[in-house]
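Observations on chain architecture
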Amino acid sequence: FAQIKAGDTVVDLGSGAGNDCFIARALTGETGKVIGIDMTEAMIEKAKENTKKLGFTNISFVFGDIENMPINDHTADVIISNCVLNLVPDKEKAFNEIYRILKPGGHLSVSDVVLNGKIPDSLKNTAEMYAGCVSGAIQKEEYISIMEKAGLKNIRIQKSKSIDIPDDILLKYITIKEMEEFKQNNIGIFSITVYAEK
């Protein structure tokens, strides 16, 4: 989905231990460059250890916040991210930063979680749902609108998949009546992959 080519500079937002960076590096090759950014120092250290073990010299990891990235303007040909942006409190700032660090003609392909309809607060605010990328999620239309406001163009959803939460999990957080309403009103949690260009 990310359409990474040999020689590209790729930035991975929320890079964790570096797994997606290593996959991206296989596509950019020796002539490309991969930069991972993460807000957890322990993950940055782990990613650096993993890079050293693998002997890669064209991957770097930076400690930082997606809302205020320590990355220069017009750096990235491609930006990737996997279920991270919905957890960022200020999504407008995050997408403005994405626009800033993208090269003109660059693009992003990010996987994320969005909502369709109102999720009961008791479900949305739980730690388990947060860890599963749900509680930070916003409405799909709002998500696309924030991307547009940041200046991104040719926005398209490359993939969309409904996330089905089993009844026994739902009933830990909401009543039977709330669960019935949740299902009847086609309220949904979706995993989407979104593409956009600068």
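Source: prediction; values computed, not measured.

With that settled, the discussion passes to the overall build of the chain. Counting its regular elements, the chain contains eight helices and seven strands. Over its C-alpha trace the chain gives a radius of gyration of 18 Å, about what one expects of a compact globule, namely 16 Å for 198 residues. Projecting the C-alpha coordinates of the chain onto the three principal axes gives extents of approximately 55 × 35 × 25 Å. For the chain, buried positions account for 48% of its 198 residues. A fraction of 78% describes how many contacts in the chain between residues 6 or more apart in sequence connect residues 24 or more apart. Counting every atom, the chain has about 10000 Å² of accessible surface; 52% of that belongs to carbon and sulfur. Averaging the positions of the 23 positive and the 28 negative side-chain charges in the chain gives two centres separated by 4 Å.

With that out of the way, let us pick up the sheet that holds strand β2 (residues 33-38). The strand order across the open sheet built from seven strands is β3-β2-β1-β4-β5-β7-β6, with neighbouring strands paired in mixed fashion. With partners counted over all chains shown, the strands left at the sheet margins are β3 (59-63) and β6 (153-162), one partner each. Averaged over all adjacent pairs, the angle separating strand axes in this sheet is 20 degrees, with direction ignored. The pairing of strand β5 (residues 102-116) with strand β7 (residues 188-197) spans ten bridges and is classified as antiparallel. Each residue of the ladder has a partner; that of Asn-116, found in β7, is Gly-188. Where helix α3 (residues 91-101) meets the sheet, its contacts fall on β1 (9-13), β4 (76-82) and β5, and the angle it forms with β5 comes to roughly 155 degrees.

The next subject is the pairing of β3. It is a general feature of regular strands that their side chains alternate between the two faces of the sheet. Where β2 and β3 come together, five bridges link them in parallel fashion. The residue of β3 that forms the bridge with Gly-36 is Phe-61. Each parallel crossover has a hand, and the one from β2 via helix α2 (residues 41-54) to β3 is right-handed.

For the rest of this paragraph, the subject is the packing of aromatic side chains. Counted under the stated rule, the structure contains three aromatic pairs. Ring geometry for Phe-22 versus Phe-61: centroids 6.5 Å apart, planes at 75 degrees, classification edge-to-face. Of the two residues, Phe-22 sits in helix α1 (residues 19-28) while Phe-61 sits in strand β3, which places them 39 residues apart along the sequence. Here Phe-22 and Phe-61 have matching classes, each one buried. In textbook terms, an aromatic cluster arises when at least three aromatic residues are bridged by ring pairs, as seen for Phe-22, Phe-56 and Phe-61. Here the basic side chain of Arg-156 rests over the ring of Tyr-195, its NZ or CZ set 4.2 Å away from the ring centre.

Among all positions in α3, only Lys-91, Ala-94, Phe-95, Glu-97, Ile-98 and Ile-101 are buried. For α3, the angular spread of buried residues about the axis comes to 155 degrees, placing them on one side. Elements in contact with the buried residues of α3: β1, β4, β5 and α6 (140-149).

Here we come to the pattern of salt bridges. Counted by the stated rule, this structure contains five salt bridges. Close ionic contact of Arg-100 with Asp-73 constitutes a salt bridge, the shortest N to O distance being 2.7 Å. Residue Arg-100 is located in helix α3, and its partner Asp-73 is located in the loop between β3 and β4; the two are separated by 27 residues in the primary sequence. Given the relative accessible area of 44%, Asp-73 is considered partly exposed. The residue Asp-77 makes a salt bridge to Lys-103 at a minimum N-O spacing of 3.3 Å. Of this pair, Asp-77 sits in strand β4 while Lys-103 sits in strand β5; the two residues are 26 residues apart in sequence, bridging distant segments of the chain. A relative accessible area of 27% places Lys-103 in the partly exposed class.

About the criteria used
Residues numbered from 1 in each chain as written. Predicted model: local features only at pLDDT ≥ 70, side-chain atom pairs only at ≥ 80, totals over all residues. Heavy atoms only, no water. Helix = DSSP H or I, 4+ residues; strand = E, 2+ residues; numbered from the N terminus. Rg over C-alpha atoms; globule rule 2.2 N^0.38 Å. Buried < 20%, exposed > 50% of the residue type's maximum accessible area, 1.4 Å probe, protein only. Contact = heavy atoms within 4.5 Å. Areas by Shrake-Rupley, 256 points an atom, 1.4 Å probe, with all protein chains shown as cover. Lys, Arg positive; Asp, Glu negative; His and termini not counted. Charge placed at Lys NZ, Arg CZ, Asp CG, Glu CD. Pairing = 2+ DSSP bridges. Axes fitted to C-alpha atoms, helices over the stretch in contact; angles between N-to-C directions. Right-handed = clockwise from strand over helix to strand, strands pointing away. Phe/Tyr/Trp six-rings, centres within 6.5 Å; stacked < 30°, edge-to-face > 60°. Lys NZ or Arg CZ within 6 Å of the ring centre and 35° of its normal. Arc of directions from axis to C-beta. Salt bridge = Lys/Arg side-chain N within 4 Å of Asp/Glu carboxyl O.

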